[in-house]
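Fold and geometry: a report
The primary structure of each chain is shown beneath.
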Amino acid sequence: MAVLRKLARPLLAAPFIAGGLRTLRHPEAVAEVAQPVAREVGKHLPSFAGDPVRFVRVTSAVQTAAGLLFATGRAPRVAALTLAASLVPTSLATHAFWKERDPHERARRRAHFLTDLATMGGLLIAAADTHGKPSLAYRSLHALDRRHPARAVRRPAEAVAASTVDRARAVVASLPGSR
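Let us look at the structure shown here. (Residues numbered from 1 in each chain as written. Predicted model: local features only at pLDDT ≥ 70, side-chain atom pairs only at ≥ 80, totals over all residues. Heavy atoms only, no water.)

As for the overall build of the protein chain
Basically, it comes down to this: In this description a helix means any DSSP run of H or I spanning at least four residues, a strand means any run of E spanning at least two, and both kinds are numbered starting from the N terminus. The classification of residues rests on relative accessible area computed with a 1.4 Å probe and restricted to protein chains. Under 20% of the type maximum is buried, over 50% is exposed, and intermediate values are partly exposed.
Within the protein chain, the secondary structure is distributed over eight helices and zero strands. Element order for the protein chain, N to C, with α for helix and β for strand: α-α-α-α-α-α-α-α. Going through the 179 residues of the protein chain one by one, you find that 27% of them count as buried.

Right, here's the structure in full:
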């Protein structure tokens, strides 16, 4: 599985790195298309209000940095989530097929939009990948158990005992003549 990760991560990150670098070099080419999304984001983040070039530059810098981190395996879960989050405004700005009237252009944009959705799904799966190690939530829940080994044994035993008692009660209750 480690070999698969080492191969898959750069493949999944390559479009973000290439597109991010291209857009960093020529943000004006994308700024016009991104203007409606930049306006919406500007309502919530005033530093982007009225400046689609700044929005495009920040988005492409984030995609490039997160793509490089993801491809090299540095903070891959955070990088994957960052890429997935940055994909939302990018897809809404560049592949808004629902606004297109020409059927051929609409079909082309829809295909690109669905490709972005599939990429987002892959990134979300990558964000959940723990490399076979317990998740952060699991480790935090069981942190006390490591400090107190007796507690680690007692909790599962209590759970098994309670489950067994519940099952026994259910069996007894189902017997004829039981209340």
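What to know about the environment of Phe48
Formally: We call two residues in contact when some of their heavy atoms are within 4.5 Å.
Looking at the secondary structure, you find Phe48 in the loop between α2 (28–44) and α3 (52–72). A sequence separation of 10 residues divides Phe48 from Ala38, and the C-alpha atoms of the two residues are 6.6 Å apart. Dropping the residues within four chain positions of it, Phe48 is found in contact with Ala38, Val41, Gly42, Arg54, Phe55 and Val58.

A short note on the nonpolar core
How we decide: Residue types Ala, Val, Leu, Ile, Met, Phe, Trp, Tyr and Cys, when buried and joined through side-chain atoms within 4.5 Å, form a set referred to as a nonpolar core.
Phe16, Phe70, Ala80, Leu83 and Leu123 are the most contacted members of the largest nonpolar core, which has 14 residues in total. Within the residue set of this core, elements represented by two or more residues are α1 (2–25), α3, α4 (76–94) and α5 (103–128). For this core, the element with the most residues is α4, which contributes five residues.

Comments concerning unusual backbone geometry
For Ala75, which is not glycine, the phi dihedral falls at a positive 45 degrees. Assignment of secondary structure puts Ala75 in the loop between α3 and α4. On the basis of relative accessible area, Ala75 is assigned to the partly exposed category, the value being 45%.

What about the layout of surface pockets?
What counts, and what does not: The rule is simple: put a 1 Å grid over the protein atoms alone, call a set of points where a 1.4 Å probe fits but cannot get out a cavity, call an open set with protein on both sides within 12 Å along at least five of seven lines a pocket, and count a residue as lining if it has an atom within 4 Å of a point. Grid points are joined across faces, edges and corners, and a volume is the space filled by probe spheres set on the points. Note on residue classes: Ala, Val, Leu, Ile, Met, Phe, Trp, Tyr, Cys and Pro are nonpolar, Asp, Glu, Lys and Arg are charged, and everything else, Gly too, is polar.
Of the volumes computed, that of the largest pocket is approximately 660 Å³. If you go around the largest pocket, you meet 27 residues; those closest to its centre are Gly19, Arg22, Gln63, Thr90 and Thr94. Put simply, the parts of the chain that give the lining of the largest pocket at least two residues each are α1, α2, α3, α4 and α5. Residue composition of the lining of the largest pocket, by class: 12 nonpolar, 13 polar and two charged. Looking at the second largest pocket, its volume works out to about 310 Å³. If you list the elements that add at least two residues to the lining of the second largest pocket, you get α2, α4 and α5. In terms of residues, the lining of the second largest pocket owes the most to one element, α2, which gives five residues. Across the lining of the second largest pocket, the residue classes tally to eight nonpolar, three polar and five charged.

Focus: a nonpolar patch on the surface
As a reminder, the rule being used: Each patch is built from residues that are more than 30% exposed by relative accessible area and take part in no salt bridge. Like charges join if they lie within 9 Å; nonpolar side chains (Val, Leu, Ile, Met, Phe, Trp, Tyr) join within 5 Å. Working definition of accessibility: Shrake-Rupley area with a 1.4 Å probe, residue cover restricted to the visible protein chains. Salt bridge, as applied in this entry: a Lys or Arg side-chain nitrogen positioned within 4 Å of an Asp or Glu carboxyl oxygen.
A cluster of nonpolar side chains, Val88, Leu92 and Trp98, forms an exposed patch at the surface whose accessible area comes to about 250 Å². As for its position among the elements, Trp98 is in the loop between α4 and α5.

What to know about the side chain of Arg9
What counts, and what does not: In this tally, Lys and Arg are treated as positive and Asp and Glu as negative; His is ignored, and so are the chain termini.
Its place among the elements puts Arg9 in helix α1. Asp129 is the oppositely charged side chain nearest to the buried, salt-bridge-free Arg9, at an N-O distance of 4.2 Å. With near-sequence residues (within four places) excluded, Arg9 lies in contact with Phe70, Ala71, Gly73, Pro76, Asp129 and His131.

Considerations on the environment of Gly42
Counting through the fold element by element, Gly42 comes out in helix α2. In the structure, Gly42 is positioned 13 residues away from Phe55 in sequence and 8.8 Å away in space, judged by C-alpha atoms. When near neighbours in sequence (up to four residues on either side) are disregarded, Gly42 contacts Phe48 and Ala49.

Looking at the packing of aromatic side chains
In this description, a pair of aromatic rings is defined by centroid distance and the angle of the planes. Note the threshold: Stacked, edge-to-face and tilted labels apply to pairs of Phe, Tyr and Trp rings (six-membered ring for Trp) whose centres lie within 6.5 Å, assigned for plane angles under 30 degrees, over 60, and everything in between, in that order.
Throughout the structure, instances matching the rule amount to three aromatic pairs. Pairing Phe97 with Trp98 gives two aromatic rings, centres 5.2 Å apart and planes at 75 degrees, and the pair type is edge-to-face. A relative accessible area of 17% places Phe97 in the buried class. Relative to Phe113, the ring of Trp98 lies with its centre 5.6 Å away and its plane at 85 degrees, an arrangement referred to as edge-to-face. Of the two residues, Trp98 sits in the loop between α4 and α5 while Phe113 sits in helix α5, which places them 15 residues apart along the sequence.

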